[in-house]
Amino acid sequence: MAAVLMFSACGGRGVHPHVAEPYPERLSAWHLFAGEPAALKPNAGVIPYDLNTPLFSDYATKYRFVWMPPGTSATYNETEVFDFPVGTIFSKTFAYPDADQGGKQRIIETRLLVNSRSGWVTLPYVWNREQTEATLDVAADPTTVHWVHPSGTRYTIDYVIPNTNQCKGCHDRSKIVTPIGPKARNLNKDFNYPDGRFNQLAYWTRIGYLKGAPPPDHAPKLAVWDDPASGSLDARARAYLEINCAHCHNPQGPANTTGLYLLAAQTDPMRLGLCKVPVSAGQGSGDLLFDVVGGKPEESILVHRMESTTPKVMMPELGRSMVHREGVALIREWIASMRGKCSEGRSGHL
Amino acid sequence: MSKITVALFAVALSFTLCVSCARRDSGLAAGPDFQKRFQEALIGAKPGAVIDLPEGRLDMDRALSLSVDNVTIRGKGSDKTILSFKNQKSGPAGLTVTSSGFTIEDLAIEDTKGDALKINGANGVTVRRVRAEWTDGPSEKNGSYGIYPVQCKNVLIEDSASIGAADAGIYVGQSSNIIVRRSRAEANVAGIEIENSQFADVYENKATHNTGGILVFNLPDLPVKGGGNTRVFNNEIAENNTQNFGAKGSMVAKVPTGTGVIVLATNHVEVFKNTIRDNNTANVSVISYFTTGNPINDASYYPFPEAIYVHDNVISGGGAAPSGEYADALAPVVGKPMPAILFDGIVNPVKLGPGKRLPDDLRICIQNNGDANFMNYDAGGHFKHVSRDLKPYNCSLAPLSAVNLPAAAAAPPAGGN
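Note that this is a predicted model, so its numbers are computed, not measured.

**Notes on the overall build of chain B**
Here is step 1 of the chain: Secondary structure summary: chain B contains 4 helices and 31 strands in total.
Here is step 2 of the chain: Here the C-alpha coordinates of chain B stretch approximately 85 × 50 × 40 Å along the principal axes.
Here is step 3 of the chain: The long-range fraction of contacts in chain B, counting pairs at least 24 apart against all pairs at least 6 apart in sequence, stands at 63%.

**A word on the overall build of chain A**
Here is step 1 of the chain: When helices and strands are tallied, chain A shows 7 helices and 16 strands.
Here is step 2 of the chain: For 350 residues, the compact-globule estimate of 2.2 N^0.38 gives 20 Å, and chain A sits close to it at 21 Å.
Here is step 3 of the chain: By principal-axis analysis of the C-alpha atoms, chain A measures approximately 75 × 45 × 40 Å.
Here is step 4 of the chain: Out of the 350 residues belonging to chain A, those deemed buried represent 43%.

**Some thoughts on the pairing of strand β10 (residues 123–133) of chain B**
All names here are of chain B.
Here is step 1 of the chain: Among the 11 residues that make up β10, 10 are buried, leaving the element largely enclosed by the rest of the structure.
Here is step 2 of the chain: With 8 bridges connecting them, strand β8 (residues 102–110) and β10 associate as parallel partners. Bridging from a neighbouring strand, Ala108 pairs with Arg131 of β10.
Here is step 3 of the chain: Direction of pairing for β10 relative to strand β12 (residues 153–158): parallel, over a ladder of 5 bridges. Bridging from a neighbouring strand, Thr126 pairs with Leu156 of β12.
Here is step 4 of the chain: Pairing of β10 with strand β13 (residues 161–163), which is carried by 3 bridges, proceeds in the parallel orientation. Within β13, the residue paired with Glu133 across the bridge is Ile163.

**Observations concerning the interface of chain B and chain A**
Interface size, as often reported, equals the accessible area lost upon joining of the parts.
Here is step 1 of the chain: Listed per partner, the contact involves 46 residues of chain B and 37 residues of chain A.
Here is step 2 of the chain: The set of elements that each furnish at least two residues to the side of chain B that touches chain A consists of α2 (34–44), β7 (90–97), β23 (259–264), β26 (282–287) and α3 (325–334) of chain B.
Here is step 3 of the chain: No other element matches the 4 residues that α2(B) contributes to the side of chain B that touches chain A.
Here is step 4 of the chain: Residue composition of the side of chain B that touches chain A, grouped by class: 14 nonpolar, 21 polar and 11 charged.

**A word on the nonpolar core**
Here is step 1 of the chain: Ranked by size, the top nonpolar core spans 120 residues in total, and within it Leu117(B), Ile147(B), Ile178(B), Val261(B) and Val284(B) carry the most contacts.
Here is step 2 of the chain: Looking at this core, the element that brings in the most residues is β8(B), giving 5 residues.
Here is step 3 of the chain: Each residue touching Val261(B), except ones within four places of it in the same chain, is listed here: Gly213(B), Ile214(B), Val232(B), Ile237(B), Val271(B), Ile276(B) and Val284(B).
Here is step 4 of the chain: Residues Ala60(A), Ala74(A), Ile89(A) and Val145(A) belong to the second largest nonpolar core, which totals 44 residues.

**Quick look at α3(B)**
All names here are of chain B.
Here is step 1 of the chain: Every buried residue belonging to α3 is among Glu325, Tyr326 and Leu330, and all of these are buried. All buried residues of α3 project into a common sector of 70° when viewed along the axis, lining one side. Relative to its buried face, α3 has exposed residues pointing more than 90 degrees away, namely Asp328 and Pro332.
Here is step 2 of the chain: Trailing α3 by a residue or two, Gly335 shows a phi angle of about 90°, which is positive.

**A word on the confidence of the model for chain A**
Here is step 1 of the chain: Confidence along chain A averages 92 in pLDDT terms, with 95% of residues attaining 70 or more.
Here is step 2 of the chain: Counting interchain partners and residues more than four positions distant, the pLDDT-below-50 stretch residues 1–11 of chain A has 15 contacts.

**Looking at the packing of helix α5 (residues 233–245) of chain A against helix α7 (residues 325–336) of chain A**
Residue and element names in this part refer to chain A.
Here is step 1 of the chain: Contact geometry for α5 and α7: axes closest at 9 Å, N-to-C directions at 130°. Here α5 lies oblique to α7, going by the angle between them. Between α5 and α7 the crossing geometry is left-handed. Every residue of α7 that contacts α5 at Leu233, Asp234, Arg236, Ala237 and Tyr240 is listed here: Gly327, Leu330, Ile331, Glu333 and Trp334.
Here is step 2 of the chain: Looking at side-chain class alone, the contact of α5 with α7 contains 6 nonpolar, 1 polar and 3 charged residues.

**Quick notes on α2(B)**
Here is step 1 of the chain: For α2(B), every residue scored as buried is listed here: Phe38(B), Gln39(B), Ala41(B) and Leu42(B). In an axial view of α2(B), the angular spread of the buried residues amounts to 155°, which keeps them on one side of the axis.

**What to know about the confidence of the model for chain B**
Residues and elements named next belong to chain B.
Here is step 1 of the chain: For chain B, per-residue confidence averages 91 on the pLDDT scale, and 91% of positions sit at 70 or higher.
Here is step 2 of the chain: Scored below 50 in pLDDT, residues 409–417 shows 13 contacts in the model against residues more than four places distant or in partner chains.
Here is step 3 of the chain: Interface confidence for the predicted complex, given as ipTM, is 0.85, next to a pTM of 0.88.

**Quick word on the pairing of strand β9 (residues 117–120) of chain B**
Residues and elements named next belong to chain B.
Here is step 1 of the chain: Residue alternation in β9 divides its side chains into two sets, Leu117 and Ile119 and Lys118 and Asn120, and both sets are buried.
Here is step 2 of the chain: Across 3 bridges, β7 lies against β9 in parallel orientation. Bridging from a neighbouring strand, Val97 pairs with Ile119 of β9.
Here is step 3 of the chain: Inspection of the sheet shows β9 paired to strand β11 (residues 145–150) by 4 bridges, in the parallel sense. Looking at the pairing, Asn120 lines up with Val150 of β11.

**Some points on the domain arrangement of chain A**
Residue and element names in this part refer to chain A.
Here is step 1 of the chain: Taken domain by domain, chain A comprises domain 1 (2–218) and domain 2 (228–336).
Here is step 2 of the chain: In this assembly, 20 residues from domain 1 lie in contact with 16 residues from domain 2.
Here is step 3 of the chain: Among the elements of the structure, β11 (154–159), α2 (164–170) and β12 (172–173) are those that each provide at least two residues to the side of domain 1 that touches domain 2.
Here is step 4 of the chain: A total of 3 residues in the side of domain 1 that touches domain 2 trace back to one element, the largest contributor, which is α2.
Here is step 5 of the chain: Partitioning the side of domain 1 that touches domain 2 into residue classes produces 9 nonpolar, 7 polar and 4 charged.

**So, the environment of Val155(B)**
Residue and element names in this part refer to chain B.
Here is step 1 of the chain: Within the secondary structure, Val155 is located in strand β12.
Here is step 2 of the chain: C-beta crowding within 10 Å serves as the criterion here: with 28 such atoms nearby, Val155 is assigned to the buried category.
Here is step 3 of the chain: Sequence spacing of Val155 and Gly319 is 164 residues, and the spatial spacing of their C-alpha atoms is 34 Å.
Here is step 4 of the chain: Those residues in contact with Val155, other than ones at most four positions away along the chain, are Val125, Pro149, Val172, Ser175, Asn177 and Ile178.

**With respect to the sheet that holds β7(B)**
Residues and elements named next belong to chain B.
Here is step 1 of the chain: Pairing is parallel in the open sheet, where 11 strands are placed in the order β4-β7-β9-β11-β14-β17-β20-β23-β26-β29-β31. Both edges of this open sheet fall to β4 (62–66) and β31 (374–376), since each of them pairs with a single strand only. Sheet twist, expressed as the average angle between the axes of neighbouring strands with direction ignored, equals 15°.

**Overview of unusual backbone geometry**
Here is step 1 of the chain: In the segment running from Glu21(A) into Pro22(A), the intervening peptide bond is cis, with an omega of 0°.
Here is step 2 of the chain: With respect to the element layout, Pro22(A) can be found in the loop between α1 (2–8) and β1 (33–34).
Here is step 3 of the chain: The backbone phi angle of Gln174(B) is positive, close to 50°, even though this residue is not glycine.
Here is step 4 of the chain: Look at Gln174(B) and you get buried, because 22 C-beta atoms sit within 10 Å.
Here is step 5 of the chain: Backbone geometry at Asn229(B) places phi at a positive 60°, although glycine is not the residue there.
Here is step 6 of the chain: Among the secondary structure elements, Asn229(B) is positioned in strand β21 (residues 228–233).

**A word on the environment of Asn205(B)**
Residue and element names in this part refer to chain B.
Here is step 1 of the chain: Along the chain, Asn205 falls in the loop between β18 (198–203) and β19 (206–208).
Here is step 2 of the chain: Here the alpha-carbon distance between Asn205 and Ala185, two residues 20 residues apart in the chain, equals 7.8 Å.
Here is step 3 of the chain: Excluding residues within four positions of it along the chain, Asn205 makes contact with Val180, Arg181, Arg182, Ser183, Arg184, Ala185, Ile192 and Asn235.

Each value, and the rule that gives it
- Residues numbered from 1 in each chain as written.
- Chains lettered and ligands numbered in written order.
- Predicted model: local features only at pLDDT ≥ 70, side-chain atom pairs only at ≥ 80, totals over all residues.
- Helix = DSSP H or I, 4+ residues; strand = E, 2+ residues; numbered from the N terminus.
- Contact = placed C-beta atoms within 7 Å.
- Rg over C-alpha atoms; globule rule 2.2 N^0.38 Å.
- Buried ≥ 20, exposed ≤ 12 C-beta atoms within 10 Å, placed from the backbone.
- Pairing = 2+ DSSP bridges.
- Nonpolar A, V, L, I, M, F, W, Y, C, P; charged D, E, K, R; others polar.
- Core = buried A, V, L, I, M, F, W, Y, C linked by C-beta atoms within 7 Å.
- Arc of directions from axis to C-beta.
- pLDDT = per-residue confidence, 0-100.
- Axes fitted to C-alpha atoms, helices over the stretch in contact; angles between N-to-C directions.
- Parallel < 35°, antiparallel > 145°, perpendicular 65-115°, else oblique.
- Left-handed = near helix turned anticlockwise from the far one by under 90°.
- Domains from an automatic or database assignment.

Here is the structure:
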């Protein structure tokens, strides 16, 4: 199976990796997809994947793919992003049902995260309205998107395509550009491949993309945030906070100056925000006193900031322009289930 | 002249002329797409690049960011090159910098939704003749910080200004080796703040019409702890009586309106040769963290101010309209005007030696401040044993050493001015 996938990539129209500047102006130059570009039909060796709990991106449909150079593989890690070989390409394509075209899919952008010779590089490609090509734009303007929800509701958003610095703003571990999603706990799930439904860790191992992985039931697994069968309320809320917040809010992340750390494995309740006085939220605190108040989501700064769409108040800072109603509901439910009082102390003066 | 001499002369001349033009990589013109071109220039800059900005009011609706080392951004003057974020739609700050060797000069950043200029984790920062301002005046809707290096090393902020910040105008946090000089902080909640930082010199600044003029703080729960070794000298700290407009519940919201200088739980602080006047709660306040009223959950945090040397300041006026808990609890006991120098009186009992005194090198020393009066208001004992006696504080401490920045940070750039 692995041999078939690898060798079929070798004749002419396989993926063209690039591991150094200059990077192609056009997405098509990478040959990630075969046939009509907007069909997103992956070329040989380009493997679709999914996460247990994904980042919220304004309800966009997101298509994720990974490709590794023939004969190479990632090395399994139990807690961190796998060690991927030079030449690895992650692509994430964002699309919406276009309200102006009867719900036909409109692809907005494809973000590439490429393991180059000098580390991971972030390359945003913006699709044209004709859906025939995507062009590299390091500092793209926002684009208006009119999209329609399956329920029929129409939305208009100012969709912000991140510039390459903004990519690095989240994909940052101790100032080194790093992928976020492909960790054991988020990949450990089944996926409907063209050739069958398989666990992703097992499939990647079988096709030679992953070495050193234990059997899936011995690997960590994040809950699915909106599937109560996949984990407790606490597990699901923690999974949600991890993927939406912990890329910045961890000791090695860009928000480490705040002391609020939201990885799913974090055990210290104060680091999770319980009765934590904000450090630099400023008006983002909404005049509330603590990040999380047990039993009181309406008094919790965490919820306030998730419910905001004002720059400076909203969290995450970038990556969304809408409120994730369902995510907020989960976190509200989670906080409501907590007990304990935050002592406000004597009202002080200095 | 012989041909050779002419040739040599020409070569020498061309070298001289080109010293200042060697690195003019990017002169941006105003016009449509300016912010896209500016951001592209910031992304595509190579280390050593100088990005020249045009004159004009340049409208920005999105945040800018820089992550390339050794880049200089240079405007035509803080009254001439104005990055206006009045219509900002996305992004938390005006300009966020995460790279080292950064220089920014001669421009203004106005009306950002969040912080104006944030520099995070840089080694080598120079901010020169930069104005951060919220042009509608003090408001809780303004961004938190004007000029905001955090977790940086070797920081120089000079000849700059910050006006209207809803937390601190010029704020240096969790950093080391810092000079803030010849700058102006007006109408912020905190004018100039040094927080959880080591080795800072704050001098020849004007902090006026803020809520609190100059704050030297050491707080718990932050990744970088143990602030200390700060000198505050030759500043004018006056009329800081603007009503506190900080976010409710934040630390800065607790600063009483009308405070000149506050030293909070920081060790080795020297406050000297300042003119501190007409601050209506207290001209100088030295306090422990207990006085904030916040519980302490951080086992490694040291909440007491020690080795604080307040000397040779010219202090006058103020204390006439004390604010907050001072007004409610203390002023009736003490009367008005409040004394010029206040100390909450809370010391670490473990450190007290014979005679219930701190060791000589850890004392609070207050000397030669003219006839500025004083009070230890016994916050630990609910104001029961207030004392105006300066004798226990009539001591001196070894002067702190000057901050030395690496030459590259301290000197004006070649061809500059």
